[in-house]
Structures are given as structure tokens and as C-alpha cells.
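Architecture at a glance
One-letter residues, chain by chain:
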Amino acid sequence: MSWLKIRELKFLALIAGVFLISACGGGGDDVVVSGGAGDEAPIPGIYTINTTGADGGPAGGSGGDGGYVELYSDYGSGGPIEILGTGAANAGWTPTAAVVNLGSNPLSITADTTIAVETVEPAAGTPYLVADDYDLYISDGDAGLANETPVTGISVALGTTLTLELNYSGATGVRISLSNDIDNMGTITTVDFSATQRGNMRLYMASYHGNSTIDTSGALDGQSGGDVRLYPNYSFFNNGTINTSGYGSTTGAAGSGGYVSIEADYSFENTGDITTDGGTASGAGTTGGTGGYIDLETYYSNLFNSGDLSSRGGDGLTAGGDGGYQYLYVDYVGDLRNSGNMDASGGDATAGDGGDGGYFYVQLYGSDLINTGDLTTTGGSTTDSSSNGGDGGYIEVYLDYGYIYEYTPPGDILFSGNINTSGGLAVTTAGATGDGGDGGYFYVEGDYEDYPMGQRIALLGYTGIDSSGGDGNYGGDGGNLDLEHYYGWSSSETYVPSGNVTNEVDVNASGGSVVAGATTTPADGGDGGNSHMETDYYYGMLNPAIDKAVNKGNLNLSGGDSLESTTNYTGDAGHFWLWGYNGVTNTGNITAVGGDDFGTTGYGNQGDDIELYAELGPVKNSGDFDTSGGDGEYNGGDADNIDLFGPEVTNSGNLTAVGGDADPVLAGSTGGDGDDVELYSPDGRNGITHSGTVTNNGGTGTTPGTDGDYILGGELM
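First, a word on what this report is: a plain description of the structure on this page. (Residues numbered from 1 in each chain as written. Predicted model: local features only at pLDDT ≥ 70, side-chain atom pairs only at ≥ 80, totals over all residues. Heavy atoms only, no water.)

When its secondary structure is counted, the protein shows one helix and 62 strands. Relative to a compact globule of 717 residues, whose C-alpha radius of gyration would be 27 Å, the protein shows 30 Å and is just as compact. Projected onto its principal axes, the C-alpha positions of the protein cover 105 × 65 × 45 Å. Looking at the protein as a whole, 59% of its 717 residues are labelled buried. For the protein, restricting intrachain contacts to residue pairs at least 6 apart in sequence, the fraction spanning at least 24 positions comes to 79%. Approximately 25100 Å² of the protein is accessible, and the part contributed by carbon and sulfur atoms is 48%. In the protein, 14 positive and 96 negative side-chain charges are present, and the distance between their average locations comes to 12 Å. (Helix = DSSP H or I, 4+ residues; strand = E, 2+ residues; numbered from the N terminus. Rg over C-alpha atoms; globule rule 2.2 N^0.38 Å. Buried < 20%, exposed > 50% of the residue type's maximum accessible area, 1.4 Å probe, protein only. Contact = heavy atoms within 4.5 Å. Areas by Shrake-Rupley, 256 points an atom, 1.4 Å probe, with all protein chains shown as cover. Lys, Arg positive; Asp, Glu negative; His and termini not counted. Charge placed at Lys NZ, Arg CZ, Asp CG, Glu CD.)

So, on to a nonpolar patch on the surface. There is a patch of nonpolar side chains on the surface, built from Tyr234, Tyr266 and Tyr300 and spanning about 330 Å² of accessible area. Examined against the element boundaries, Tyr300 turns out to sit in the loop between β26 (294-298) and β27 (303-305). According to the relative accessible area criterion, Tyr300 is partly exposed, its value standing at 44%. (Patch = residues over 30% accessible without salt bridge, like charges linked within 9 Å, V, L, I, M, F, W, Y side chains within 5 Å. Salt bridge = Lys/Arg side-chain N within 4 Å of Asp/Glu carboxyl O.)

Moving on to the pairing of strand β41 (residues 481-485). Moving residue by residue along a regular strand, the side chains alternate between the two faces of the sheet. The buried fraction of β41 is high, at five of five residues. Where burial is concerned, the two faces of β41 agree: the one with Leu481, Leu483 and His485 and the one with Asp482 and Glu484 are both buried. Strand direction decides the pairing type here: strand β3 (residues 69-75) and β41, joined by five bridges, are parallel. Within the sheet, the bridge partner assigned to Glu70 lies in β41 and is Asp482. Relative to strand β46 (residues 531-534), β41 runs parallel, the two sharing four bridges. (Pairing = 2+ DSSP bridges.)

So, on to a negative patch on the surface. On the surface, Asp65, Asp322, Asp353, Asp356, Asp391, Asp435, Asp438 and Asp477 cluster together to form a negatively charged patch. One can find Asp391 in the loop between β34 (375-376) and β35 (395-400). Classification of Asp391 by relative accessible area gives partly exposed; the value is 32%.

Right, let's talk about the pattern of salt bridges for a bit. Taken as a whole and assessed by the stated rule, the structure comprises eight salt bridges. We note a salt bridge from Arg337 to Asp335, for which the minimum N-O separation is 3.8 Å. In this structure, Glu715 engages Arg685 in a salt bridge whose closest nitrogen and oxygen atoms are separated by 3.4 Å. Of this pair, Glu715 sits in strand β62 (residues 715-716) while Arg685 sits in the loop between β58 (677-680) and β59 (688-690), placing them 30 residues apart in sequence. Accessibility expressed as a relative area gives 38% for Glu715, which makes it partly exposed. What makes Arg685 partly exposed here is its relative accessible area of 40%. Through salt bridges with shared partners, a single ionic network connects Asp30, Asp335 and Arg337.

Following Thr521, the chain continues into Pro522 via a peptide bond in cis, with omega recorded as 0 degrees. Locating Pro522 in the fold gives a position in the loop between β45 (506-508) and β46. One non-glycine residue, Asp132, lies in positive phi territory at about 60 degrees. Here Asp132 lies in the loop between β8 (127-130) and β9 (133-138). Overall, the relative accessible area of 57% leaves Asp132 in the exposed class. The phi dihedral of Ala143 falls on the positive side, at around 70 degrees, and the residue is not glycine. Following the sequence through the fold, Ala143 ends up in the loop between β9 and β10 (153-156).

Such coordinate-based values are descriptive only and should not be taken to indicate function.
As C-alpha cells, then:
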């Protein structure tokens, strides 16, 4: 049965209210769900997501903000959005047994050869180039320049090096166009453009077959690598390395990495490492080199990569180099499978700011996106007490429909592998003034408009998410976690439900705290991040089997601690919202407590609300909830409300919404207010089963805070 037919059956089953293939996913060649002692033993999670802000200095420095994590469907698929603690994606693929075609007039390189740019035809049998002429020739010895039949293909034998002189764009690079293939078993390189710039390379061919090396990396002090641009009219098959890195410097700025851009019309299969790192500055050097970008694209076919991709910024003295961006793109239709590790981190610095991480942008149309490689784009750290850590980069992933002639539905988005976009560290010892770097975000979006066929957006095999803010003289904010399903829209112009939302992992999105040695006051802690997990709001009644929301993870959304704060509105907790049209289940502990103040006259900070809502299905909770205000000396922080609303509500968790304490000995001190705890069903108390405790008193102070109300089924308890 074809893939498209299976998708169609899923869609028909969805509309009928019955799933032929479970909307919870699991199984299939693209996902490994079990292993170990028997097929029934699930694979435990091993991966983490780290978008933390880094710590800053205690003498005026700020902790970095944590970056957000968001999984989003612009139009729901009927399948799930989920972060799971078990399983693993499978990004494996079978290489093509590709056939080389060098055409009728090939050039065979069997010994080290330099192809020069000539103004007079060289000796017969000598390959040569002509300025601003993009054909390659083999001299026939008739003294007529460029009157030979152009070379159709090139082969480079094992252990040999082909060096190309520069023939275009003011002689900054070499450009060659071939009608047939390149078969590289050796090394292809360029001469220098200058002492600070290696020559660029731009090659056009039918298909590229690589089993060894393309190298335009810098080789002189401070020399930048040359760009490599490959444009196969057909396919790209590479098992070799590509290196455009910049060279280090002991006298000035290190060289930057050259760009790598590969655009194949059809198959793209790469197992080789691609490296565009910036060079390192040392000794009397200054700044680290910037990483070059890596751009891998295919238009009418799959993009398969298992090679490591590195575009790191180089370490430096006065500044670390920024990481380069990495761009993976499939147009029209085709799977994108990546198992290679990708790194675009910023470089460290010893006497200046750390470099910023680069960014990853992944987009495809039609088919599946599967990743199992580690994605790393951290900010560089610094060892200088007055300088700042670099910001982490960001990761964006997009999937939409494609087409061969008409329309190909988008497929699944399946992710395994470690994700790290954390900010770079500043110095944290006494007297340090620098800021910690902000964490970058991780954003995944599937657009299933017209094609809701049960496709999944799934992170598989994760143990936790850390998006907390950094500590410092001022705390950084925690990052948000959002899993959001919009309603679906079918090609028959019918609204359909979105699908389930599930989180199984622990999350730390707490705000950073003011450190004990902070020298500047008042100093505020960072706010905790928010978390929204929700199905669509409108069409869940069409299929009561889906549009359910489940959280099994423990979430810490608390605010950071302050020092002599003069307001209740910083260092606040983030709020938690769990919405499932046809039901909500929570088993995790949710902590959304305001930060404390540890000075002598400061204010505690506010908690934030925790809300579980369902329209038609039951609301079930066994986790402990806490929205209490933080303690302060002069003023306790206020708690916020806890709501469990649904047709049926079952709760066994302990629910706490206590006002923060103030010092009752301190004249004029005020305790924080407790807030309301409400369990609601249209059937009143008959629709509610409650066995947990409720604690929501006001905090202590010269003037105590007021108690919150406890409402059970419409009755004040």
C-alpha cells in the first residue's frame, strides 16, 4: 500500500471518529520504540534540551534569559504533538549505488596537478582555464586558445591533488561548468587569492561523486577559508570531507570560515563531515574567526545527511567569533533525514565578549522530517570579568505540503538527539560585572492545512528540558514551553479536530536568582517561564477519541530570588495552562511559586496561576500544585489561583496557594494574600471527586495577608 494511500485512510478514519493507526503514534520504520530484554521493553530516554541563560557577574551583571521551546501546528493534523520519555527516531537510509558518467571528453587526474589560467595555449595534453570562461579545456597544441571541445567530466584519483587557479570575479575564485560528473577520490583545492583569503570554488556538474576531500581552508596566519559552491544539475553523492575553515592567528584577527553551499536538483546523500569553523586567535592575536555558513539544498528529492556539520566561531582574545548558520532545505517533495551532529556555537574569549551561536533553519515540503543528530549552538564564554557571554543561537524547523505535479501532504516531524542553545558564561567571581548570554530558542512548526491525516510532531527519548534563567546581580527570565495544536482544515473544506498533546518530561523554566554576593541593590530575580499545552478549542466534539491533553512531567515555573526588591512584580512565577477539548490528565507536580527576597526590607514575589480545563472530557489530576507567593521581609508575595474545570473533575493532588510571609517584627510589614482554589463541574459536587489537601491561607506580617477561597462544585468550603 502506498504512503499516500495510508495517509488517506488515516484521514478517513479521523473524520469517522475511529483511528486505523493510533494517533498516539509509535512503531513504523521511522521510530524505534522498544529494545533491551524483549520487544516489550521500551527504550529509555537519553536526550536533553538545554536553552538556559548563563550566569552573570555579581557586581552589576545579569543572568541570561532562557530560550523558549515551542512545538506548534499551524493547522492540526489529527495526530499528536508530544514530548516522550522513551523511544527514538530512526533517520537511517540506504545509500544509492550511484553510477559515474564522465561523458565523451573526460579529464583524468592521476598525479598532483595544478590547472592554470592561461592567456596562451599551453603544451598539448595540458588542461587549462581561461579568465571569465567557465569551460575547462585540454590543449590540442594548435596555438588556438579555448578552441577545443570542453572537458565533460573530471576524475581525481586516490592520493592525488587537483589544484585550481582562479579565473573569475576579479580572480577571487575559480568557476568551472561541466556537462557530466565529477568523481573525486583525491583532493580538490584552490590557490590563494591573497595572504588573508583562500581562493573560492564554484563548480557546476551533472552529479558529484565524492569519496575524499574538497579543501579550501586557510593555511596562513589569519587567512580565511575560500567558499565552496557546488551545483549538481542532478545529484550529490558524497562520502568525503569538505573543509573551508579559517586559519588561526598569533598577530591579529583569525581567519573566518568560508561558505559551503550545495544545491542539488535531485538526490542529496552525504556521509562526510563539512567544516566551516573560524580560526582561533592566540598569543598576540585578537578576535576569533567567524564560522562560515553551510547551506544544503535539494529540490525534487530526498536530503539525507549523516555527516557532522560544524560552523563554529573560533576562540579569541578580544572577542570570540560568532557561529555561522546552517540551512537544510527540501523544496517540492522529499524526506529530510539527518543523523549527523550539527554545531554552530560561538567561540570563547579571554579578554572580551564570547561569540554568539549561529542558527539552524530546516525546512521541507511534503514527506517526513527525521533528526537523530545533536544540534548545538551555544554562546561562547568569557574569562574577562567585565565582558559578556555570547548568546545562544536558535533553531527553527518548518514542514509544509509539497508537490510533484499536484500536491503531496506533509509528513511527520520526528526528533531525537540533544538540543543545546544555552548562553555563554560570564565570570561569576567577586567584582565581575559581565552579563551571562541568553539562551536561544527551539521552534518546530508543522502546517497541515488541507492534509490532516494523523501526522505526528514528536520529540522522542528525552529526559528533560532546562530553559531556566541565569543567576547574577540580576536574575534572567526562564523560557516558555508551549505545545499548541490549532484546529484542522481538510481539503474538502471541513474543520476537523487538531489532535492530542502530550508531555512526559520534567521541565525547569525557573527564573534566575540574585546571587548572595550581589553588590547593587535593589536587585530583582528573573521571572519564571510560562507553559501552555493545548489542543484546539473549536472542533473536538467531532471526534471524542482525540483532542486530549496529558502532562506527566514535573514543571518548575518559579520566579528567582531577589535582594532588597521594592516591588512584587519581578521574580514572579510563570503560569501553567493545560487544555484538552476532550479531556485533561496531569500526573506531574507543578510549582509556580514567586521568588523569595533574602535582604532585610525586601518584597517577596508573586506566584502564578495553574489551570486545567476541558470542555467535554474529564479533568484528572494526581500531581501537587503550588502557586504560593514568595517570602519577603517587608512584604510577602501574593499567591495566584488554582483552577480545575471540566464536566468531571478528579483530584488527588495537594493544592497550595499560600501568601508569602513577611517579618511580623518589622513595622508596617504585610503578608501576601492567599488565592482561590476552585474545582468546578456543571454537576456541582456530584461531578467532583477530591481527596487532596487545599492550603491557601495568607502570609504572616504586621498585617497578615488574607486567605483565599476554596470553592468545590460551586460551594464555598
